[in-house]
Structure formats: C-alpha cells, structure tokens
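Tertiary structure, described
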Amino acid sequence: MTQTGVDHPFPDHLFLVGCGNMAGQMLSRWLDCGLDRERVTVLRPSGRPVTDGVAVMTDYPAALPAGTTVLLGMKPYQIADVAVALAPLCVADTRIVSILAGTTLADLRARFPVARDIVRAMPNLPVGLGEGVTALFTDDVTSAQAKMDVAALIEPLGLVEWIADEALFNQVTALSGCGPAFLFRFVDALAQAGEAIGIPADQAARMALATVQGSANMAARANDGPGVLADRVASPGGMTREGLNALDADDRLLTLLIDTLAAARDRGEAMARGA
Ligand SMILES: NC(=O)C1=CN([C@@H]2O[C@H](COP(=O)(O)OP(=O)(O)OC[C@H]3O[C@@H](n4cnc5c(N)ncnc54)[C@H](OP(=O)(O)O)[C@@H]3O)[C@@H](O)[C@H]2O)C=CC1
Ligand SMILES: O=C(O)[C@@H]1CCC=N1
C-alpha cells in the first residue's frame, strides 16, 4: 500500500466489482478519507457514473494495475460469472476482499486460485458515515502484511472486528450486517406504536427517530451497559417500569430478536450451500 490519504493508507489501485448500496457506501467513505479517485475503477453493468473522477467500466479490463485490491461488491449469486472473467486477471499479489454474504473463503479460494490474499469482510451500511461495523475473516494463506493492509483499509469505516472462526460469519452477518435493517424496523415500529396510542403520525416518526439516535449516542459514550441505562430511565413505580415489564414479559423482545438473527443466519448458511 503506497497511497496515503489524510490519515489512511490505501491500496495502489482499488477495483470494485459492483458498486451498489453497500460497496457504494464504502467507496464514499474512502473518498471522504482521501482515497485518490484516479486509483479507483468501478465495474458495474449499468455503467452508471459513481462520482466525478472515478472510472466506471461495463466490462473487464485487459489487465489489473499492479498492487490492485479487488472489492467483490456484487450480489453473491453472481460470483460464478464474475470469477470466470476476473480470475484470469488476478496475479499472486492481487488482493481480494469479498463482502458477499454466505460465500465462504473456501469457495473464493477455489474460484481465485492464483490470488494469495483473500479476506471476507462483512460491513454494514453506516460505514458511509465512518460509523459502521465490519467483520473480517481470513485464513493462514493470506499474508500478515495483507491482513494489516486490509484492516487499515477498513478502519476508516468504523468498528473492525476480526472473527476467529469462519463458522461464526453468518451469525455476525445476522447481527451487524443485517442489523441496520432490524433497527430501522424498530424505529418504524416505535413510531407506529406512538401513533397507535394517539400521537400524530409525523410527530411520532420524528420523536421515535430522535429518541433512538440520542439513546444510541448516549449508550455509545456511557460507562455503564444498556441494561443499567434502561434501569436508570425507570423510576421505581413509574411509567417506564410498566413499559419494560411489557417488553420483558416471557422474554418477548429477546425471543423475537433471537428468532430474527437465527432466520438471517440460516439464510446465510443456505446461501453457502448454493440455495
Ligand atoms: N446492502 C447491505 O446492507 C449489505 C450488503 N452486503 C453484500 O453486498 C453485496 C451487494 O449488495 P448491495 O450493495 O445491497 O446490492 P446492490 O444491488 O445495491 O448492488 C449490486 C451491484 O452489483 C452490480 N452488478 C450487478 N450484476 C453484476 C455483474 N454481473 N458483475 C458485476 N457487478 C454486477 C450492480 O451494478 P449496477 O450498479 O450497474 O446495477 C451493483 O452495482 C452483496 O453481496 C451483499 O451480500 C454486505 C453487507 C451489507
Ligand atoms: O441481506 C443480505 O443478504 C446482505 C447481507 C447483510 C446485509 N445485506
């Protein structure tokens, strides 16, 4: 890695295969952090521009520049077609970072046999703000230098967590990769619940979102865990305790969330089996 952004080391060249919702957020953050646009190429079938100065192609180049890191950012089921075109362009030091859900490292190694350094990454959408979570996994074939360089690339996106056991990758994806969707649902439900008990809809929506935002920021800065913070809102004999009692009855919320994460995890496992 030779190009240095404001504070961050970036690869000599970044080749994004797909640049939709997720890879687009990653790229946006990297550009904000000083990634040189001339060192980025995006391949996307639509050919839609990404942003000024970033080259967009609709087909593969004849070769990849030396020191390229490839970000696989298309849909997981497209890996077969992508690999047929991309694998011949890879050399031993082409680095591959895959954000494909449910696509194992073994699968990637089989499709890109020449590339030594392959890392699975599971980001989530707030990476665009530098407030995301990205899980990383690789094996011992990937060099220590590549591990450090990929971690450095991911670091400006937010929290980085290396996962020791790939078997946990679908669980982690369920929690943090899918997590923003679950939280967005919660915000919606909180607003709808407010409306259901009589608050005007637009006001309930604004108040629900601001409550979640402020509370998340507070929890992130607090010395105490969220359980203690919840109890601090609840005055003895007061309103919050009654509400928490409803939420906690028969572990309703916990059970719902376990079911939610398990369903997402199971889908990842099915995708890994090719379903
Ligand atoms: N969305 C999320 O929150 C998260 C997604 N992921 C992973 O990110 C990946 C992309 O998801 P997401 O961004 O939501 O999807 P999008 O549909 O938003 O983006 C898919 C991208 O792939 C491009 N594409 C389509 N067909 C091909 C092809 N044959 N070859 C190369 N590129 C192609 C599309 O091109 P075009 O722009 O021209 O349409 C688009 O840029 C998935 O593998 C998913 O598992 C991981 C974590 C979170
Ligand atoms: O829904 C998906 O499959 C991807 C993985 C995590 C978020 N989106």
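Rules behind the numbers
- Residues numbered from 1 in each chain as written.
- Chains lettered and ligands numbered in written order.
- Predicted model: local features only at pLDDT ≥ 70, side-chain atom pairs only at ≥ 80, totals over all residues.
- Heavy atoms only, no water.
- Helix = DSSP H or I, 4+ residues; strand = E, 2+ residues; numbered from the N terminus.
- Buried < 20%, exposed > 50% of the residue type's maximum accessible area, 1.4 Å probe, protein only.
- Contact = heavy atoms within 4.5 Å.
- Lys, Arg positive; Asp, Glu negative; His and termini not counted.
- Charge placed at Lys NZ, Arg CZ, Asp CG, Glu CD.
- Domains from an automatic or database assignment.
- Buried area = accessible area lost by both parts, 1.4 Å probe.
- Salt bridge = Lys/Arg side-chain N within 4 Å of Asp/Glu carboxyl O.
- Polar contact = N/O pair within 3.5 Å; in protein donor to acceptor, adjacent residues only side chain to side chain.
- Nonpolar A, V, L, I, M, F, W, Y, C, P; charged D, E, K, R; others polar.
- Pairing = 2+ DSSP bridges.
- Right-handed = clockwise from strand over helix to strand, strands pointing away.
- Near = heavy atom within 4 Å.
- Areas by Shrake-Rupley, 256 points an atom, 1.4 Å probe, with all protein chains shown as cover.
- 1 Å grid on protein atoms, 1.4 Å probe; cavity = no way out; pocket = protein on both sides within 12 Å on 5 of 7 lines; lining within 4 Å.
- Sits in = over half its atoms within 2 Å of the grid points.

**As for the overall build of the chain**
- When its secondary structure is counted, the chain shows ten helices and ten strands.
- The dimensions of the chain, computed from C-alpha atoms along their principal axes, are 70 × 40 × 35 Å.
- Residues counted as buried form 38% of the 275 residues belonging to the chain.
- Restricting to contacts in the chain with at least 6 residues of sequence separation, those with at least 24 account for 60%.
- Across the chain, the centroid of the 21 positively charged side chains sits 3 Å from that of the 31 negatively charged ones.

**Looking at the domain arrangement of the chain**
- For the chain, the assigned domains read domain 1 (3-169) and domain 2 (179-272).
- The distance between the C-alpha centroids of domain 1 and domain 2 comes to 33 Å.
- Contacts between the two partners involve seven residues from domain 1 and, on the opposite side, four residues from domain 2.
- Of the roughly 370 Å² buried between domain 1 and domain 2 on both sides combined, carbon and sulfur atoms contribute 77%.
- Remark: the boundary between domain 1 and domain 2 carries zero salt bridges.
- Counting the contacts that link domain 1 with domain 2 gives one residue pair in polar contact (both at pLDDT 80 or more).
- The residue makeup of the side of domain 1 that touches domain 2, split by class, is four nonpolar, three polar and no charged.

**Thoughts on the environment of T173**
- Within the secondary structure, T173 is located in helix α5 (residues 169-177).
- Between the C-alpha atom of T173 and that of L261, which follows or precedes it by 88 residues, the distance is 8.9 Å.
- Residue contacts for T173: discarding those within four places in its chain leaves M122 and C178.

**Observations regarding the pairing of strand β4 (residues 40-43)**
- Judged by which residues are buried, β4 turns out to be covered on both faces: V40 and V42 on one side and T41 and L43 on the other are all buried.
- Both strand β3 (residues 13-17) and β4 contribute to a ladder of four bridges, which runs parallel. From the neighbouring strand, L16 faces β4, where its bridge partner is V42.
- Considered for its hand, the β-α-β crossover made up of β3, helix α1 (residues 21-32) and β4 is right-handed.
- One ladder, built from three bridges, connects β4 with strand β5 (residues 55-57); its direction is parallel. Its bridge partner lying in β5, T41 is registered against A55.

**Things to note about the site of ligand 2**
- The full set of residues close to ligand 2 is A101, T173, G177 and C178.
- Notes on ligand 2: free accessible area 250 Å², of which the protein chains cover 48%.
- Spatially, ligand 2 is embedded in the second largest pocket.
- Tallied by class, residues from the shell around ligand 2 come to two nonpolar, two polar and no charged.

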